[in-house]
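A structural walkthrough
Listed below are the residues making up each chain.
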Amino acid sequence: MHVMGGGDVGGAKTHIMNMVTGLAERNEVMLLSFRAGPFADEARERGIDVRVIERHNPFRAARAMRDLVDEFRPDIIHCHGGRANLMGAMVRRSRRVPIVTTVHSDYKLDYLGNPFKQHTFGAANAVALRFLDFYQPVADRMARTLIERGFDPERIVKIYNGMDFARPTGEFDRAAYLRENYGVEIAEGDVLCGIAARLTAVKDIATTVRAFAEALKEAPQLRLFIAGEGEDEEMLRKLCIQLGVAARVTFCGWVSPVEPFFRAMDINLLSSVSETFPYSILEGVCAGCATICSDVGGMPELIDTGENGYIFPIGDYKQLARYMARLANDAALRHTFAEALYQKASRDFSKDKMCERQEANYRHLLARFHRPKDERESIVICGAYGRGNAGDDAILEAIVQEMRALDPGRTICVMSRRPKETRLVYRTNAMYTFNVFAVLRRFRKAALYINGGGTLMQDVTSTRSIWYYCYTLRAAKRLGCKVMMYGCGIGPINRAGNRKMAAKTIDTSVDRITLRDENSRQELERMGVTRPDIRVSADPTIILDPAPYEIVSLALEQSGIDPEGNYIGFGLRNWKGLDAALPAIAAAADYAYEKYGLTPVFVPIEFPSDLTPAERVGALLHCPWHAVRTRQPIEVTIGILARMKTVVGIRLHSLMFSAGQGVPVVGMSYDIKVDSFLKYIGSSTCLQLRTATAEELCRMIDKCQSGALDEEVRRNARLLREREHENVRGAATLLGLNYEKKDEETA
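None of these values were measured; they are calculated from a predicted model.

Comments concerning the overall build of the protein
Along the protein, the regular secondary structure elements total 31 helices and 25 strands. Here the protein has a C-alpha radius of gyration of 30 Å; the compact-globule value for 747 residues is 27 Å, and the two agree. The 747 residues of the protein split such that 58% are buried. Excluding contacts between residues fewer than 6 apart, the proportion of contacts in the protein whose partners are at least 24 apart in sequence is 70%. Accessible area of the protein: about 31,100 Å², with a carbon and sulfur share of 49%. If you average the places of the 99 positive and of the 94 negative side-chain charges in the protein, the two averages end up 8 Å apart.

Regarding helix α10 (residues 233–243)
Every buried residue of α10 is accounted for by Leu236, Leu239 and Cys240. In a view along the axis of α10, the buried residues occupy a sector of 100 degrees, so they form one face of it. In this structure, α10 carries Glu234, Lys238, Ile241 and Gln242 as exposed residues pointing more than 90 degrees from its buried face. Buried residues along α10 sit against α9 (205–215) and β9 (249–253). Note on α10: the residue one or two positions beyond its end, Gly244, has a positive phi of about 75 degrees.

Focus: the nonpolar core
Counting residues in each nonpolar core, the largest one holds 97 residues, and the members touching the most others are Ile381, Met403, Ile585, Met668, Phe677 and Leu697. Within the second largest apolar cluster, 44 residues are counted, among which are Ile159, Tyr160, Ile311 and Ala345.

What to know about helix α17 (residues 390–406)
Residues spaced three or four apart along an α-helix face the same direction, because each turn holds 3.6 residues. With 17 residues, α17 should cover 24 Å at 1.5 Å per step; its first-to-last C-alpha distance of 24 Å lies within 8% of that length. Judged by how many residues are buried, α17 sits mostly within the fold: 14 of 17 residues are covered. The backbone nitrogen of Gly391 has a side-chain oxygen 2.7 Å away, supplied by the residue at the start of α17, namely Asn389.

Description of the pairing of strand β23 (residues 646–649)
Alternating residues of β23 divide into Thr646 and Val648 and Val647 and Gly649, and every residue in both groups is buried. Direction of pairing for strand β20 (residues 567–571) relative to β23: parallel, over a ladder of 4 bridges. Bridge pairing in β23 links Gly571 to Gly649. Bridging between β23 and strand β24 (residues 665–669) involves 3 bridges; their strand directions are parallel. Across the sheet, residue Gly649 finds its bridge partner in β24, namely Gly667. Handedness of the crossover is the feature at issue here: the chain leaves β23, passes through helix α27 (residues 652–660), returns alongside β24, and the resulting connection is right-handed.

A short note on the pattern of salt bridges
As enumerated under the stated definition, the model contains 45 salt bridges in all. For Glu154, the salt bridge is made with Arg368, and the minimal N-O distance between the two is 4.0 Å. Separated by 214 residues along the polypeptide, Glu154 in the loop between α7 (140–148) and α8 (174–182) and Arg368 in helix α16 (residues 351–369) bring together distant segments of the chain. Residue Glu711 is joined to Arg718 by a salt bridge in which the shortest nitrogen-to-oxygen separation is 3.6 Å.

Here we look at unusual backbone geometry
Note that the residue after Ser256, namely Pro257, is joined by a cis bond; omega there is 0 degrees. Counting through the fold element by element, Pro257 comes out in the loop between β9 and α11 (259–264). Residue Arg73 is not a glycine yet carries a positive backbone phi of 50 degrees. Although it is not a glycine, Arg427 sits at a positive phi angle of roughly 60 degrees.

A short note on the side chain of Arg643
Mapped onto the secondary structure, Arg643 falls in the loop between α26 (634–642) and β23. An unpaired buried charge is present at Arg643: no salt bridge exists, and Glu564, the closest side chain of opposite charge, is 5.4 Å distant. There is a polar contact of 3.4 Å between the side chain of Arg643 and the backbone oxygen of Pro563.

Looking at the environment of Ile195
Note that Ile195 resides in strand β7 (residues 191–196). Taking relative accessible area as the criterion, Ile195 reaches 1% and is therefore assigned buried. With sequence-adjacent residues up to four places away left out, Ile195 is seen in contact with Ile205, Thr208, Phe225, Ile226, Ala227, Phe261, Leu269, Leu270 and Ser271.

Notes on the sheet that holds β23
Strand order in the open sheet formed by 6 strands is β22-β21-β20-β23-β24-β25, and the pairing between neighbours is parallel. Strand pairing shows two members of the sheet lacking a second neighbour, β22 (626–627) and β25 (686–688), which therefore form its edges. This element, helix α28 (residues 672–680), spans β24 and β25 of the sheet and lies at about 150 degrees to β24.

Considerations on a positive patch on the surface
Taken together, the side chains of Arg441, Arg442, Arg444, Lys445, Arg474, Arg478, Lys500 and Lys504 make up a positively charged region of the molecular surface. Counting residues per element, the ones that place at least two in the positive patch are α19 (436–445), α20 (463–478) and α21 (496–509). With 4 residues, the top contributor of residues to the positive patch is α19. Counting through the fold element by element, Lys445 comes out in helix α19. Note on Lys445: relative accessible area 61%, which makes it exposed.

Topic: empty space enclosed by the protein
The full count for this structure, using the stated rule, is 3 cavities of 30 Å³ or more. Taken as a whole, the largest cavity holds about 70 Å³ of empty space. Along its surface, the largest cavity is lined by Ala659, Val663, Pro664, Val665, Ile681, Ser683, Thr685, Cys704, Leu709, Glu712, Val713 and Asn716. Considering only residue class, the lining of the largest cavity consists of 8 nonpolar, 3 polar and 1 charged.

About the criteria used
Residues numbered from 1 in each chain as written. Predicted model: local features only at pLDDT ≥ 70, side-chain atom pairs only at ≥ 80, totals over all residues. Heavy atoms only, no water. Helix = DSSP H or I, 4+ residues; strand = E, 2+ residues; numbered from the N terminus. Rg over C-alpha atoms; globule rule 2.2 N^0.38 Å. Buried < 20%, exposed > 50% of the residue type's maximum accessible area, 1.4 Å probe, protein only. Contact = heavy atoms within 4.5 Å. Areas by Shrake-Rupley, 256 points an atom, 1.4 Å probe, with all protein chains shown as cover. Lys, Arg positive; Asp, Glu negative; His and termini not counted. Charge placed at Lys NZ, Arg CZ, Asp CG, Glu CD. Arc of directions from axis to C-beta. Core = buried A, V, L, I, M, F, W, Y, C linked by side-chain atoms within 4.5 Å. Expected span 1.5 Å × (residues − 1). Polar contact = N/O pair within 3.5 Å; in protein donor to acceptor, adjacent residues only side chain to side chain. Pairing = 2+ DSSP bridges. Right-handed = clockwise from strand over helix to strand, strands pointing away. Salt bridge = Lys/Arg side-chain N within 4 Å of Asp/Glu carboxyl O. Axes fitted to C-alpha atoms, helices over the stretch in contact; angles between N-to-C directions. Patch = residues over 30% accessible without salt bridge, like charges linked within 9 Å, V, L, I, M, F, W, Y side chains within 5 Å. 1 Å grid on protein atoms, 1.4 Å probe; cavity = no way out; pocket = protein on both sides within 12 Å on 5 of 7 lines; lining within 4 Å. Points joined across faces, edges and corners; volume = space filled by probe spheres on them. Nonpolar A, V, L, I, M, F, W, Y, C, P; charged D, E, K, R; others polar.

Honestly, it's all geometry; don't read function into it.
In structure tokens:
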């Protein structure tokens, strides 16, 4: 059952109509509207079972809706908009049917510019949303907004807008269309920009007008057509007069149908301050327009700036003007962008694809809703998370990715130092690592407790941490969880008391252990740990793929690094022995530049602390050098390291990320875990940080650049990925799932 207010217009109307008509082809669908009118009539004409409840009293309307629910007996109720959300929240209390709402826009901005509606209808919608079961934003950015406002990440599923991308056919005389409909005569060579939106504050059309006035200085052939109505119209007309562009701007009023409008345009514009996944952009794509839009909603997921369109910062009319002028003066670029964006949009954002995703979402939500309340289904993950270390963050991302692939229906909760950030980034539940009471409550409902990866069982950095991690292992086991140490390292554990305590805890409380190197297995053996099922695997991060080529290139450019250059990467960290090694590292970097033309690039794994040793080495260099000076997503960091010809690393994960991508590495070991990893992959390019010399480093760089290690490096990358499967196989075993069958299906 789809429920809507009935007065929906623009993108929301298009989305609902496309959704219900597409779903009705394979499902029984009822559309409930709280207003009679064109929307309900059109849906009825398309063969949809439409019911209308025209009652202003919300309690009577809710009673009528409950009667229809009892008659239709829907598996799921799907709401659209504030009125529907309010009715859904009222019905939810007495009917055990899952209720999902599509979040078409930021509910706090829906009535921007109208304080009365904002504090009445807007406030009622904001309250009603909190009482629904699931949320379906139409863009990832809207999902982030919901999570930031405290909505449960596990109850949010995305759905992208979709439409029929069949291109318009037949001859089209745009000059005649504009003359007959808007009384406008266009000249040969005019380049037409169009924007179709409500003339309200949230659409920020004033930015478009200001940009147009600026762009005219470089591209006087531009014309602007504004399609829409709203309270800002008078202000916008005055602005056009004030800027001296009124003769080149046409206000078209409400345009229906919109297809010929976009067919008449060369460039489609959007300058909103808030959107989710606007249909006006997709409609312009279908009509063959080049696209420029503000950085809102899901637009970055559709448009790759410089590849198939342009995205500009919200309110930045000067950047918008530069893009408008560039496209106005380059017809070939307009055509290239329009065709590339059409190919991407028609492939990934079609109406059929949207309906497929919607049905998959329904299956997921129904399974989640009907799980027995007392079922132990969740997975709790503990590690050194939420501290800004890219290596630890990569471990968490890999484990979450594998657990979701293993069983998408299970909820995940992460113990993190920054639970708000973790919820936002990984879309899981999260709790503060040392909130013992919250941790114990989670253990009582969890099926599996994952400790790892990384090297949590060590006392070099802290004795308190190993005692706490051992406490969580014992508590999880005592409270009924299956317990797994996942793709981890062991040691060094130096204190006798810590070794005895850790050995006893692991032996009695852990069901399965997967280790990222052979040395860790030998360490457990020396500690006398024999009861758990112990397997040697690989670090979970090996499964992570780099970001797309264009995204990595953009990140490099933003750091002032030519994406097409030749580089040697350095992954440094502050540690004892670094001071003495700095001259040797600098000499080796200069050597790589002089002999092989490799410019040093310092890639931080823990940001920003890793920039300090980078600056110290940089001060000693005689050659040019670069550093990645902004925090990057994990996939981008991996992608940057994958561009290097060789990577010299102190940071373990700089070596792991690089080796996993088939890049030859030189390890400068400060800890047994670095030695263990390089020994595990059979690498011969390792030296000790404390005793490193420039001659040794240069010799190892020679070895990496000679090509003699190429086959070994490729073999190691394949080996690590194959062995990593042991991690997820162990989790599947403890959860009673058949991982081998999933392997076959994937293959």
